[in-house]
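Structural features, examined
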Amino acid sequence: MKKYIIATFCLLQAFLMHSQEGIKSFSLEEAINHALEHNRTAKNASRDIDAAKKQKWETIATGLPQIDGSIGYQDFIKQQVQVVPTDFSDPNSDLIPVIFGARKNIDASATLSQLIFDGSYIVGLQSAKVFLEISENAKIKTDLEVRKATINAYGNVILAKESVEILEKNKKTLQENLNELNKIFENGLEEEESVEQLKITLSSVKSNLNNAKRLENIAYKMLNLTLGLDIDTKIVLTDKLKALTLKNIDLSYLSKDYSIANTIDYQIAENDKRSKELLVKLEQSRALPTLSTFLTGGYTSFSNVFDFHQSDKEYFGYAVFGVNLKVPIFGSGLKTARTQRAKINLEKSKDDFSETEQRLKLEIASTKSDYQYAIEDYANKEENLKLAERIENKNQIKFFEGIASSFELRQAQTQLYAAQQEYLQAMLDVITTKAELETVSNTIN
């Protein structure tokens, strides 16, 4: 029997260890790093950079030497008939029908072409560089947003988790008080209304607790989605809400002078303005000539029967070199209209750029104000919670001593429960407003 119990205990321990191995554990920093690597939006932003690099090379390659090969085979099922005079010296001589060439022919050739000058190609090279910068800045922007989303999702989970813990504690305390009050009521020393008041409070706490548990489950799913995991993945969060709050209180952020030029939104707006400038240059370049060269060489062979595969078949070689110059002369105002439209879009982009500058200044100032308020509100809510705890404790003592009414006790309890939730929310606000300020200003420690 003893051996059976030991074996069962060992199996149970092994099962528990195996189960724990499958559960992922994250601090906030670990969660951020995981999201930056595995979040689906962040991964696609990285792919956009890879695609931009390929597009840049694609643009470069259009101006490099190009070699094309071709093989053509023709079989004249019915050859075309032409006429020639019987006497070439007599313009009035009779004409006789003749057939020129063989019924079957084959041609194999290769052409080397090289672009010498094309204004749009030069602009294209500049545009490819700007496009790559746009993709890289978009990646930075995406990473900042993913980081902020991870902080918010992580904070919501630990807020919901600690809210459940507090409500469980409140429920337990209320249930003990109700059991004690029932005994007093049964002995005729307390009114029934007092019992009913406490039951109302307990019922409200139970309802809030059930709702908090549902919110906790949803918060976990949202965090898993942000981390790039299956939403039903079991994870454990190692950071506590208060520890994160204290870590995120940094008064130097309030006195820091933020440079607008360092923000990612400013750089994206600058990229947009630069791309519009290049579009104007592109339309202007279409009025320039295009110069290219080519060299073609190949072999042809002719026959009335298909014998091109025979080793003694004769093939005739040829080669040709040429230069192509294309000069735009008249386009019915098409190029002018395109250029003017590009200039209009450039002027719009300049205004958008100025608007972005002003908006960022306002957004940073507003976010700094929110962060300062969150820090002050946290200190205020912490003090309020201590006061609410003392008030509730005094009213509970007074109530069981028969000095305070059940209504006064319920009012003190409701005030305490509200203070608890406000305190939790104030801590989360410190964390999220700092993340918002870091995101807007692009200043990540």
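That block above? That's the structure.
Below is a summary of the structure that appears in this document. (Residues numbered from 1 in each chain as written. Predicted model: local features only at pLDDT ≥ 70, side-chain atom pairs only at ≥ 80, totals over all residues. Heavy atoms only, no water.)

1. Structural notes on the packing of helix 8 (residues 264-285) against helix 9 (residues 334-400)
Selection rule: All axes are obtained by fitting lines to C-alpha atoms, using only the stretch in contact for helices, and the reported angles, taken between N-to-C directions, cover 0 to 180 degrees. Strands here are runs of E lasting at least two residues and helices are runs of H or I lasting at least four, both read from the DSSP assignment and numbered beginning at the N terminus. By definition in this entry, angles of less than 35 degrees are roughly parallel, angles greater than 145 are roughly antiparallel, angles of 65 to 115 are roughly perpendicular, and the rest are oblique.
Between helix 8 and helix 9, whose axes approach to 9 Å, the crossing angle comes to 170 degrees. With respect to their mutual orientation, helix 8 and helix 9 come out roughly antiparallel.

2. Some details on the environment of Asp 68
How we decide: Throughout, a contact is declared for two residues whenever any of their heavy atoms are within 4.5 Å.
Among the secondary structure elements, Asp 68 is positioned in strand 2 (residues 66-75). The residues contacting Asp 68, other than those within four sequence positions of it, are Ser 109, Ala 110 and Thr 111.

3. Describing the packing of aromatic side chains
Basically, it comes down to this: Pairs were defined over the aromatic rings of Phe, Tyr and Trp, the Trp ring being its six-membered one, requiring ring centres within 6.5 Å. Orientation was assigned from the angle between planes: stacked under 30 degrees, edge-to-face over 60, tilted for the rest. Exposure is judged per residue with a 1.4 Å probe applied to protein chains only, and the accessible area is read against the type maximum: over 50% gives exposed, under 20% gives buried, and values in between give partly exposed.
Under the criterion given, the structure shown has 5 aromatic pairs. For the ring pair Tyr 266 and Phe 353, a centre distance of 5.0 Å and an interplane angle of 55 degrees mean the geometry is tilted. Of this pair, Tyr 266 sits in helix 8 while Phe 353 sits in helix 9, placing them 87 residues apart in sequence. Residue Tyr 266 shares its accessibility class with Phe 353, and that shared class is buried. Between Phe 302 and Phe 316, the aromatic rings sit 6.5 Å apart at their centres with planes inclined by 35 degrees, giving tilted as the arrangement. Taken together, the positions of Phe 302 in strand 7 (residues 290-303) and Phe 316 in strand 8 (residues 316-326) put the pair 14 residues apart, joining distant regions of the chain.

4. Quick word on the sheet that holds strand 7
Here is the rule we go by: Two strands pair if DSSP finds at least two bridges between them.
Taken in spatial order, the 4 strands line up as 2-5-7-8 in an open sheet, and their pairing is antiparallel. Two strands close off the open sheet at either side, each with one partner strand: strand 2 and strand 8. The average angle at which neighbouring strand axes cross in this sheet is 20 degrees, direction not considered. As paired strands, strand 5 (residues 104-117) and strand 7 are joined by 13 bridges and run antiparallel to one another. Bridge pairing in strand 7 links Ala 110 to Gly 297.

5. Digging into empty space enclosed by the protein
Just so we agree on the cut-off: In the cavity and pocket records, a cavity denotes points on a 1 Å grid over the protein atoms alone where a 1.4 Å probe fits but cannot get out, a pocket denotes an open set with protein on both sides within 12 Å along at least 5 of 7 lines, and lining residues are residues with an atom within 4 Å of a point. Grid points are joined across faces, edges and corners, and a volume is the space filled by probe spheres set on the points. Ten residue types, Ala, Val, Leu, Ile, Met, Phe, Trp, Tyr, Cys and Pro, are classed as nonpolar, four, Asp, Glu, Lys and Arg, as charged, and the remainder, Gly among them, as polar.
Scanning the entire structure with this criterion turns up 2 cavities of 30 Å³ or more. Forming the walls of the largest cavity are Ile 158, Lys 161, Glu 162, Leu 237, Asp 239 and Lys 240. If one sorts the elements of the lining of the largest cavity by residue count, helix 4 (residues 119-186) sits on top with 3 residues. Tallied by class, residues from the lining of the largest cavity come to 2 nonpolar, no polar and 4 charged. Here the second largest cavity defines a volume of roughly 30 Å³. What lines the second largest cavity is Leu 181, Ser 194, Gln 197, Leu 198, Phe 399, Ser 406, Leu 409, Arg 410 and Gln 413.

6. Concerning the pattern of salt bridges
The cut-off we apply is this: One side-chain nitrogen of Lys or Arg within 4 Å of one carboxyl oxygen of Asp or Glu is enough to make a salt bridge.
All chains considered together, the criterion is met by 20 salt bridges. Across the salt bridge formed by Glu 436 and Lys 148, the nearest N and O atoms sit 2.9 Å from each other. Note that Glu 436 is positioned in helix 10 (residues 406-441) and Lys 148 in helix 4, a separation of 288 residues in sequence. Classification of Lys 148 as buried rests on a relative accessible area of 14%.

7. Quick notes on helix 10
The criterion, for reference: To estimate how far a helix should extend, the number of its residues minus one is multiplied by 1.5 Å.
Helix length check: helix 10, at 36 residues, gives a terminal C-alpha distance of 52 Å against a target of 52 Å (1.5 Å per residue), a fit within 8%. Within two residues after helix 10, Asn 442 carries a phi angle of roughly 55 degrees, on the positive side.

8. Focus: unusual backbone geometry
Phi at Asn 442 takes a positive value of approximately 55 degrees, unusual for a residue other than glycine. Looking at the element boundaries, Asn 442 is found in the segment after helix 10. You can call Asn 442 partly exposed: its relative accessible area is 24%.

9. Re helix 5 (residues 192-227)
Compared with an ideal rise of 1.5 Å per residue, which puts 36 residues at 52 Å, helix 5 spans 52 Å between its outermost C-alpha atoms and is within 8% of the ideal. Following helix 5 by one or two positions, Gly 228 has its phi on the positive side, about 80 degrees.

10. Observations concerning the nonpolar core
Heads up, the rule is: We call a set of buried residues a nonpolar core when its members are Ala, Val, Leu, Ile, Met, Phe, Trp, Tyr or Cys and they connect through side-chain atoms within 4.5 Å of each other.
Ranked by internal contacts, the top residues of the largest apolar core, which has 62 residues, are Phe 26, Tyr 154, Leu 223, Leu 227, Ile 235, Leu 237 and Leu 241. Contributing elements (two or more residues each) for this core: helix 2 (28-38), helix 4, helix 5, strand 6 (235-237), helix 6 (241-247), helix 8, helix 9 and helix 10. It is helix 10 that contributes the most residues to this core, 14 residues altogether.

11. Quick word on a nonpolar patch on the surface
The condition is simple: Patch definition: residues with relative accessible area over 30% and no salt bridge; like charges joined within 9 Å; nonpolar side chains (Val, Leu, Ile, Met, Phe, Trp, Tyr) joined within 5 Å. Only the protein chains shown count as cover for residues, and the accessible areas themselves come from Shrake-Rupley with a 1.4 Å probe.
On the surface, Ile 67, Leu 112, Leu 295, Phe 321 and Val 323 cluster together into a nonpolar patch covering about 510 Å² of accessible area. Mapped onto the secondary structure, Val 323 falls in strand 8.

12. Considering a positive patch on the surface
Counted only if it meets this: The sign given to each residue is positive for Lys and Arg and negative for Asp and Glu; His and the chain ends receive no count. One atom stands in for each charge, and that atom is NZ of Lys, CZ of Arg, CG of Asp or CD of Glu.
On the surface, Lys 386, Arg 390, Lys 394 and Lys 398 cluster together into a positively charged patch. Tracing the backbone shows Arg 390 in helix 9.

13. Brief notes about the environment of Val 205
Inspection of the secondary structure puts Val 205 in helix 5. A residue is classified by how much of its surface remains accessible, and Val 205, at 2% relative accessible area, is buried. Separated by 31 residues in sequence, Val 205 and Leu 174 have C-alpha atoms that sit 8.9 Å apart. Dropping the residues within four chain positions of it, Val 205 is found in contact with Leu 167, Asn 170, Lys 171, Leu 174 and Tyr 417.

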